[in-house]
Amino acid sequence: MGEDTYDVVVVGAGHNGLAAAVHLAKHGMSVCVLEQADRIGGAAVTEEVTLPGFRHDLYAMNLSLFAGSAFHAEYGNELSNYGLEFVPAKDCFASAFPSGKWLGLSADVETTAGRIEAFSADDAARWREMSAAFADDAPYYFALLGGPMGARNLARTAIKTLRRKGTAWTIDAVKLLLSSPRDFLDANFSSPELKAMLAPWAMHLDFPPDASGGALFPYLEAMADQSFGMALGKGGAEVVPHAMAGLFTQADGVIHTSAPVASIEQTAGRATGVRLEDGDLITAREAVFASVTPKGLLSLLGGTTGAARKDEALKSFKHGPGTMMIHVAAGALPDWTAGEELKKFAYVHLAPTLSCLSTTYAHAMEGLLPAEPAVVVGQPTAVDPSRAPEGQHVLWIQVRVVPSHPVADALDEITPAPWDKIKEAMADRVMAIIERYAPGFGENVLARTVHSPADLEAANPNLVGGCSLGGSHHLRQNFLFRPAVGMAQYKTPIAGLWMIGSSTWPGAGLGAGSGYMAAKMLARN
């Protein structure tokens, strides 16, 4: 590459880095994107990792956040010209229970409410009430979650909400933002099965049932899926970064893969470019955007931003527990004992009680391999058959949560060791759990590939310890505190250096929020 100069240099070709690059390039800036891996996509990668013809989303699968994002609203029509295509999932998620019963959410309120009614008529009535109110309530939550996290925007949002929704509704909304999943679920529902169906969505963002601040996520996931269904990518989640890259390069943007950055260069307190590990210098006239974790940012800066309090906050930034991924090529979908209808759902959770979720989380945080991890069985070929040979399937099995560095086993069956020594044994435990709910499942497994927390971090340095969230979303490092006070609007203490990615507001998920909002700020539109 030599010594090249651009208006903006973006470090990281995940969806946030690409969103920033697209917007800036479309507004007349010359932009170069540098990716340390040999492919773009970050956590939106699709590969044939088991057998030829079986396409697996290695990390992210659900594209609903991207489909509903402000970035997609602006560029969706153009992205479709570069291969972006969604496949709707009307049967979104379900939970199977040891009792042989199941409960699931489909994108028809009466279908869902009818299932809930079999457990509790009062809960079904409350579900209908919440679903009916969501169309009017949602814009106020999304204005908060989809807008810049600064005092001015928060004040505007609060004033608008108070004027249009009133004091009582606003107080209830603040309570929801601060509540634990259990508080929210107990306040609205009585059925243990309905609570267990919703609570795992909080675990997707590092919230066990009793952690304050976790209530919003199961509420929004449930109500959004109830209203709109889910969206998967036709052929795999990689359609998102590939379409973004196509649009970006059409706007004269430049992408270099296998280009790890060694340092961010500074002159007189301003970021002026980056130095690659091979020694090449890439100069930035206007800005450097770094889609990295706090640890990654400090590493690129030689250990300091030049602001002691910011450094302290970035160093103390906490990542969530690890995630294990098991990718399965199968001759058939699991034959769920609870009911044939479960084969239609994009996700089936095996996490039967809130107590089970709490215990699993406590085990992982103590370094124990959980006795009964929360298991998420993704069935993408139930929605998008193109991902596997005709009549066959891929399964996306996510294990939430496991320790980043195991020190013991809750069952004393697996001798603690580095993940590469024990991941197959832990995967066997998970497969045995699925077998309990779907006897004969193992007989249909054609091949499997196991990715431990260590594997996830080795493939993508932003997945620190196998944390797939860019860091915990607990209240101490969310909203104005993500990733540090004074950095929630992406600017760092170093002029011209912007930090984006899932470690920044609004956090995890394929919503392109940080990249798009930061780019709009720099481009001033």
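Report follows, based on the coordinates.

Thresholds, definitions, all that
- Here the residue numbering is sequential within each chain, running from 1 through the sequence in written order.
- Reporting in this predicted model follows two pLDDT cut-offs: at least 70 for local features of residues, and 80 or more for side-chain atom pairs to be given and counted; totals over whole chains, interfaces and linings ignore these cut-offs and use all residues.
- The basis for every side-chain value is the complete set of heavy atoms in the structure, and neither hydrogens nor water enter the calculation.
- We define a salt bridge as a contact between a side-chain nitrogen of Lys or Arg and a carboxyl oxygen of Asp or Glu at a distance within 4 Å.
- Runs of E in the DSSP output that reach at least two residues are strands. Runs of H or I that reach at least four are helices, and both are numbered from the N terminus.
- The criterion for an aromatic pair is that two Phe, Tyr or Trp rings (for Trp, the six-membered ring) have centres within 6.5 Å, with stacked assigned to planes under 30 degrees apart, edge-to-face to planes over 60 apart and tilted to the rest.
- Buried, partly exposed and exposed residues are distinguished by accessible area as a fraction of the type maximum, computed with a 1.4 Å probe on protein chains only: under 20%, between the cut-offs, and over 50%, respectively.
- We treat two strands as partners when DSSP finds at least two bridges between them.
- Note that the arc is defined by the directions from the helix axis to the C-beta atoms.
- In what follows, a contact means two residues having at least one pair of non-hydrogen atoms within 4.5 Å.
- Here an axis means a line fitted to C-alpha atoms, over the contact stretch when the element is a helix, while the angle between two N-to-C directions is reported on a 0 to 180 degree scale.

1. Some thoughts on the pattern of salt bridges
Here comes step 1: For the structure shown, the criterion picks out 25 salt bridges.
Here comes step 2: Close ionic contact of R55 with E238 constitutes a salt bridge, the shortest N to O distance being 2.6 Å. One end of the pair, R55, is in the loop between strand 3 (46–47) and strand 4 (56–57); the other, E238, is in the loop between strand 8 (230–233) and helix 11 (239–250), and 183 residues separate them in sequence.
Here comes step 3: Put simply, D455 and K423 hold a salt bridge, and the shortest N to O gap is 2.8 Å. Separated by 32 residues along the polypeptide, D455 in helix 16 (residues 453–459) and K423 in helix 15 (residues 419–437) bring together distant segments of the chain.

2. A look at the packing of aromatic side chains
Here comes step 1: A full pass over the atoms with the stated rule returns 17 aromatic pairs.
Here comes step 2: Note on F66 and F71: the rings are 6.0 Å apart at their centroids and 55° apart in plane angle, and the pair reads as tilted.
Here comes step 3: Given the relative accessible area of 0%, F66 is considered buried.
Here comes step 4: Note on F71: relative accessible area 1%, which makes it buried.
Here comes step 5: Centroid distance F71 to Y75: 5.1 Å. Interplanar angle 45°. Geometry classified as tilted. With F71 and Y75 both in helix 3 (residues 70–80) and four residues apart, this pair spans about one turn of that helix.

3. Comments concerning the pairing of strand 10 (residues 261–267)
Here comes step 1: Pairing analysis gives six bridges linking strand 10 to strand 11 (residues 270–276), with the strands arranged antiparallel. Each bridged residue has a counterpart across the sheet, and for V261 the counterpart in strand 11 is L276.
Here comes step 2: What sits between strand 10 and strand 11 in their antiparallel hairpin is a turn of two residues, with A268 showing a positive phi close to 55°.

4. Describing helix 4 (residues 109–117)
Here comes step 1: All of the buried residues along helix 4 are T112, A113, R115 and I116. End-on, the buried residues of helix 4 take up no more than an arc of 155°, which puts them together on one face.
Here comes step 2: Residues of helix 4 that are buried make contact with strand 6 (91–96), strand 7 (102–106), helix 5 (121–145), helix 8 (192–198) and helix 10 (216–228).

5. Things to note about the sheet that holds strand 14 (residues 347–350)
Here comes step 1: Sheet architecture is open: seven strands sit in the order 7-6-14-16-17-13-19, paired in mixed fashion. Looking at the sheet topology across the chains shown, the edges are occupied by strand 7 and strand 19 (445–451). Within the sheet, the average angular offset between the axes of one strand and its neighbour, ignoring direction, is 20°.
Here comes step 2: Note that strand 13 (residues 322–330) and strand 17 (residues 393–402) share nine bridges and pair antiparallel. The partner of H327 across the bridge, within strand 17, is W396.

6. A few points about the environment of G322
Here comes step 1: Mapped onto the secondary structure, G322 falls in strand 13.
Here comes step 2: Among the residues examined, G322 registers a relative accessible area of 0% and is labelled buried.
Here comes step 3: Discounting residues that sit within four places of it in the chain, G322 has contacts with V399, V401, V402, P403, S404, P453, G465, G466 and C467.

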